[in-house]
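Understanding the architecture of this molecule
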2 protein chains.
Amino acid sequence: MPAEPELHAILGMVRSGSAVTRPELLRRSGLGRTLVNQRIAQLEASGLVEEGELAPSTGGRAPRRLRFRAEAGLVLGAELEARSMTVGITDLAGEPLEHRSLEWDVLAGPEETLRTLRHLADELLHSPPAAGRQLWAAGVGLPAPVEFRSGTPIAPPIMPGWDGFPVRDRVADNLGIPVWVDNEVNLLALGELRAGAARGTDDLVYVKLGTGIGAGLISQGRLHRGSQGCAGDVGHVRVVDDPGVACLCGKRGCLEAVAGGGALIRRAAADVEEGKGSPYLAKLMEGGRALRVADIVQAAEAGDLAAVDYVIGAGRHIGMGLAAVVNFFNPSLVIIGGPLAVAGDRLIAAIKEEVFHRSLALATRELTIGQSQLGAVGGMRGAAFMAIDELFRPAFLETWLAVGTPVGMRAP
Amino acid sequence: MPAEPELHAILGMVRSGSAVTRPELLRRSGLGRTLVNQRIAQLEASGLVEEGELAPSTGGRAPRRLRFRAEAGLVLGAELEARSMTVGITDLAGEPLEHRSLEWDVLAGPEETLRTLRHLADELLHSPPAAGRQLWAAGVGLPAPVEFRSGTPIAPPIMPGWDGFPVRDRVADNLGIPVWVDNEVNLLALGELRAGAARGTDDLVYVKLGTGIGAGLISQGRLHRGSQGCAGDVGHVRVVDDPGVACLCGKRGCLEAVAGGGALIRRAAADVEEGKGSPYLAKLMEGGRALRVADIVQAAEAGDLAAVDYVIGAGRHIGMGLAAVVNFFNPSLVIIGGPLAVAGDRLIAAIKEEVFHRSLALATRELTIGQSQLGAVGGMRGAAFMAIDELFRPAFLETWLAVGTPVGMRAP
């Protein structure tokens, strides 16, 4: 079928609100009246656009505003982390309608994990906000490098058993809709860009402080995924000279080995066992309970001095690692997210101190370092935004509009 | 005036060769015959497009091929380095026609430097390949962070006296054409992307090894300039623990302080003075001549053992610094350029060894590390490509096509 760039252009103007009446669309598109009216009719027939209230008249009959029908379809967003899963549904503008989170270990493997994802999706699709609406597309975030084109995790360090598993094809088969898959930290960055702390920002780095430490990069408003989909690895910058600190990656002195959540937990537990640790954490550990990053954050908030030390020490090392990132990438915004980020002001202050001390003056001239706004649902939101972006790309939009909805289609 | 996106689209197809006959343009654009013919007539009238030879018939009368007239105008590209200046002219496809290089110290300041640039431009415009052609636009690269929007260097560390100088406005006033200005390492990267070692690459890092060490980044086929135009700073990654190695930036152990050309020269000269240095370099230094990076490279090529040591040592440290860059940015290609890169295989081998040893396996799975192809004219070529890209952006193209040529216009 012929390419119809003007269809995409007109829908884009209505979606963004940059031109919403026929006179505005004629003026902005530079296209002829007949063509514009044909395309609007096609978009109305598809249910993507409808006529709304009257706009002010600029002479003659007042034109009607066209409205993007974000409610025409549903999008599923899913974020898998090492130990949890969040699945939600949004409208076609990415507005969240409902979501579910549960503790889940990705080590359960792809088959069982995707079965659980499917159960959550079914639950969401039977929830009140989904009533009478159809699921059109899905986005999935994985805690792994992902080959975006095929939607497949590649050599995932914390997901043995997932290497090369066709996540995209499997979810698409299962749900009968087009699906896109990416690294979950990339989607956290995308979520904040579209609906959180990074709205209106062009160049930013989202740093997720969890068991490990990873980053999502936005260059000129677009995700920078890198050639293997593994851009954003900041956990293995060398930040300490102490040759005693070995990292899982096989090297020494890596940021993740001294400031990752896993490292903090190991140190806190060892300190408790040596009797010099945090009384707050020692109490939690009675009876053999394993510590989590959230425990350390809570202990620090409760004023436990050892825990405050862990948080500030981690912040300093993270700042040392990020200084190099700021010099290299020159973002205007660094967003700190993930379980450790909940530690808030103390952590951010320690990070800032080191970044501003160690980065070049020009690179920090207009740099902001702050917390994520979307928190735990950011990855799910980002996954939905990714799916929406892909759904409305010109070539794919034209293909599925020809049959009405994208349901039953494959991602291109 | 109304936006005419289809004008840009049609010219784009003819320029890239993706559609060059009227039937192809009709099919690819999805536009009506009248509109396509109108736009082609407009492009022919402007001299940007002409009818060429017959294409094979696909039934009916054989259509004529349309040809982009790259000879319709000239573009000036200029690269300023700390100690030299290269200025050239190209056609509208960026093909180089003629260039001049000279030794020049940017410390002479902006007024004198831009006067010299103007002299070289005049010389080039009177050279045989320019005969009968008009200069349409210029691109300028500076060894400084540049605010791209205004074309102004910001806090340039090696160009005191240039801070905030309106380079773009001054050159535009002087030549009467639209001008764009960027950091010269960015333009080296752009040159290799379009016409050198990086053709067809999406994500790459160009590392310039000169007196200092800097990088230009390409993300998804576009320059990543960063929020202050200072992305690509790799010279101040800490690569040695020795607290004795102080850097000009005020910190210690920076890559530039151990492997920058300036550092190599200082070490070589000190070694000679202590009597333990290179006999080859000692000879050059007789009579008080100051060493250059090129001297060390030549000495290494001549088999001088001390010089070989300097080159290999620098390569190792550069590799250590680049390992973090490779993990973070995940390029598929790292191009090594600048005076030290001429040292070739020995240097590249040492860099590779450290990068592959220290980077994550996935990030190096399809990584190539190689030398620049364009060498010393790469920045000039990149400057011309930048000017051409900007000249043909939709909004600006329409504006200047309305008056015929961009001559006398301002960059938007």
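Residues numbered from 1 in each chain as written. Chains lettered and ligands numbered in written order. Predicted model: local features only at pLDDT ≥ 70, side-chain atom pairs only at ≥ 80, totals over all residues. Heavy atoms only, no water.

Section: the interface of chain A and chain B
Rules: When checking whether two residues touch, look at their non-hydrogen atoms; a contact exists if any pair is within 4.5 Å. For any pair of parts, buried area is found by adding up, for both, the accessible area (1.4 Å probe) each one loses once the two are put together. Any Lys or Arg side-chain nitrogen found within 4 Å of a carboxyl oxygen on Asp or Glu counts as a salt bridge. Pairs of N or O atoms within 3.5 Å make up the polar contacts considered here, provided that, within protein, one atom can donate a hydrogen while the other can accept it, and that residues adjacent in sequence are counted only when both atoms are side-chain atoms. Labels follow the DSSP assignment, with helices taken as runs of H or I lasting at least four residues and strands as runs of E lasting at least two, numbered in each case from the N terminus.
Contacts between chain A and chain B engage 48 residues on the former and 48 residues on the latter. Carbon and sulfur atoms supply 53% of the area that chain A and chain B bury against each other, a total of about 4000 Å² over both sides. Together, Q228, F328 and L362 of chain A form the three largest contributors to the area buried by chain A at its contact with chain B, with a combined 19%. Linking chain A to chain B there are zero salt bridges. Our enumeration of links across chain A and chain B arrives at 18 residue pairs in polar contact (both at pLDDT 80 or more). Those elements giving two or more residues to the side of chain A that touches chain B turn out to be helix 1 (5-16), helix 2 (22-29), strand 11 (213-219), strand 12 (222-223), helix 11 (305-329) and helix 12 (345-358) of chain A.

Some details on unusual backbone geometry
Residues and elements named next belong to chain A. Just so we agree on the cut-off: Using a 1.4 Å probe on the protein chains alone, a residue whose accessible area is under 20% of its type maximum counts as buried, one over 50% counts as exposed, and one in between counts as partly exposed.
With a phi angle near 55°, Q220 is a residue other than glycine that sits in the positive phi range. As for its placement among the helices and strands, Q220 is situated in the loop between strand 11 and strand 12. Taking the relative accessible area as the measure of exposure, Q220 reaches 29% and is therefore partly exposed. At N330, a residue that is not glycine, the phi angle is positive and equals roughly 50°. Relative to the helices and strands, N330 resides in the loop between helix 11 and strand 13 (333-337).

Regarding the pattern of salt bridges
Opposite charge on two side chains allows them to pair when their charged atoms are near. Taken as a whole and assessed by the stated rule, the structure comprises 48 salt bridges over all chains. The partner of R100 of chain A in a salt bridge is E123 of chain A, with the nearest N and O atoms 2.7 Å apart. Of the two residues, R100 of chain A is situated in strand 5 (residues 96-103) and E123 of chain A in helix 4 (residues 110-125); the sequence distance between them amounts to 23 residues. Overall, the relative accessible area of 22% leaves R100 of chain A in the partly exposed class. Across the pair E354 of chain B and R358 of chain B runs a salt bridge whose closest N-O atoms are separated by 2.7 Å. On the criterion of helical spacing, the pair formed by E354 of chain B and R358 of chain B is a turn pair, its members being four residues apart in helix 12 (residues 345-358). Within this structure, E50, R67, R69 and E71 of chain A form a network of salt bridges that share partners.

A few points about the nonpolar core
This is how it is decided: For the purposes of this section, nonpolar cores are sets of buried Ala, Val, Leu, Ile, Met, Phe, Trp, Tyr and Cys residues that join through side-chain atoms within 4.5 Å.
With 116 residues, the main nonpolar core has I318 and I336 of chain A together with I318 and I336 of chain B as its most contacted residues. Leaving out residues up to four positions away in the same chain, I336 of chain B has contacts with V207, L209, L322, A341, L347, I348, I351, I369, G370, Q371 and S372 of chain B. By size, the runner-up hydrophobic cluster in this structure holds 105 residues, among which are M386 of chain A together with L92, L188 and L204 of chain B.

Examining the sheet that holds strand 12 (residues 222-223) of chain B
Residue and element names in this part refer to chain B. Using the following cut-off: Any two strands between which DSSP finds at least two bridges are classified as paired. The convention used is that axes are lines fitted to C-alpha atoms, helices contributing only their stretch in contact, and that angles between N-to-C directions extend from 0 to 180 degrees.
The strand order 12-11-10-13-14 describes an open sheet built from five strands, whose pairing is mixed. Lying at the two open borders of the sheet, with one neighbouring strand each, are strand 12 and strand 14 (368-371). Where strand 13 (residues 333-337) lies against strand 14, four bridges are found, and the strand directions are parallel. Among the inter-strand pairings, V334 is bridged to a residue of strand 14, identified as I369. Against the sheet, helix 12 engages strand 10 (204-209), strand 13 and strand 14, with an angle of about 160° to strand 14.

A closer look at the packing of helix 2 (residues 22-29) of chain B against helix 3 (residues 33-45) of chain B
All names here are of chain B. For clarity, the cut-off: An angle below 35 degrees is treated as roughly parallel, one above 145 as roughly antiparallel, one from 65 to 115 as roughly perpendicular, and anything else as oblique. Should the near helix be turned anticlockwise from the far one by less than a right angle, the crossing is termed left-handed; should it be turned clockwise, right-handed.
Helix 3 packs onto helix 2 with a crossing angle of 120° between their chain directions and a minimal axis gap of 10 Å. Comparing the axis directions of helix 2 and helix 3 gives the class oblique. Two packed elements cross with a definite hand, and for helix 2 against helix 3 that hand is right-handed. Seen from helix 2, the contacting residues are R22, L25, L26 and S29; seen from helix 3, they are R33, V36, N37, I40 and E44.

A look at helix 11 (residues 305-329) of chain B
Residue and element names in this part refer to chain B. We apply this condition: Expected helix span is taken as 1.5 Å per residue step, with the number of steps being one fewer than the number of residues.
If you check helix 11, its first and last C-alpha atoms are 35 Å apart, about what 25 residues at 1.5 Å a residue would give, namely 36 Å. Where burial is concerned, most of helix 11 is hidden: 18 out of the 25 residues are buried. Near the N-terminus of helix 11, the side chain that reaches the backbone nitrogen of A306, with its oxygen 3.2 Å away, is that of D304. Count one or two residues on from helix 11 and you reach N330, which has phi positive near 50°.

Considering the side chain of D271 of chain A
Summarising the element assignment, D271 of chain A is placed in helix 8 (residues 261-273). Among residues more than four places away in sequence, those in contact with D271 of chain A are K276, G277 and Y310 of chain A.

Observations regarding the relation of the copies chain A and chain B
Two chain copies here: they are related by a rotation about an axis and a translation along the same axis. Quick reminder of the rule: When the copies are overlaid, the least-squares fit takes in C-alpha atoms only where the residue has pLDDT of at least 70 in both copies.
Between chain A and chain B, which share one sequence, the superposing operator has a rotation angle of 180° and an axial displacement of 0.0 Å; the RMSD is 0.1 Å. In the structure described here, the two chain copies are related by an operation that fits a two-fold rotation axis. The share of interface residues of chain A whose copies in chain B are also at the interface is 100%, consistent with both copies meeting through the same surface.

Things to note about the sheet that holds strand 6 (residues 135-142) of chain A
Residue and element names in this part refer to chain A. The sheet built from five strands is open, its strands ordered 5-4-3-6-9 with mixed pairing. Each edge of the sheet is formed by a strand with only one pairing partner; in this case those strands are strand 5 and strand 9 (179-183). Strand-to-strand twist in this sheet, taken as the mean axis angle between neighbours without regard to direction, amounts to 15°. Packed on one face of the sheet, helix 4 meets strand 3 (74-80), strand 4 (84-90), strand 5 and strand 6 and runs near 35° to strand 4.

Concerning the environment of H224 of chain A
Looking at the element boundaries, H224 of chain A is found in the loop between strand 12 and helix 7 (255-259). Accessibility expressed as a relative area gives 0% for H224 of chain A, which makes it buried. Residues H224 of chain A and D203 of chain A lie 21 residues apart in sequence; the distance between their C-alpha atoms is 10.0 Å. Ignoring sequence-local partners within four residues, the contact set of H224 of chain A consists of L217, S219 and A231 of chain A together with D203, S219, Q220 and F329 of chain B. Here the side chain of H224 of chain A touches F329 of chain B through a polar contact of 2.8 Å, landing on its backbone oxygen.

Considering the side chain of S278 of chain A
All names here are of chain A. With respect to the secondary-structure elements, S278 resides in the loop between helix 8 and helix 9 (279-285). A polar atom in the side chain of S278 sits 2.8 Å from the backbone nitrogen of L281. If we skip the residues at most four places from it in the chain, S278 touches V272, D304 and A306.

A look at the domain arrangement of chain A
Residues and elements named next belong to chain A. We apply this condition: Domain borders in the structure are assigned automatically or taken from a domain database.
Along its sequence, chain A is carved into domain 1 (6-68), domain 2 (74-191 + 377-403) and domain 3 (199-373). Computed over C-alpha atoms, the centres of domain 2 and domain 3 are 27 Å apart. Listed by partner, the interface residues are 15 residues for domain 2 and 13 residues for domain 3. Around 1100 Å² of area is buried between domain 2 and domain 3 when both sides are counted, 57% of it from carbon and sulfur atoms. Contact with domain 3 buries surface across domain 2, with V185, N186 and A189 losing the most and accounting together for 41% of the total. Here domain 2 and domain 3 share four salt bridges between them. Among the ionic pairs, K208 bridges to E81, the shortest N-O distance being 2.3 Å. At the surface where domain 2 touches domain 3, the tally comes to three residue pairs in polar contact (both at pLDDT 80 or more). Take the side of domain 2 that touches domain 3: its biggest share by element is six residues, from helix 6 (residues 184-195).

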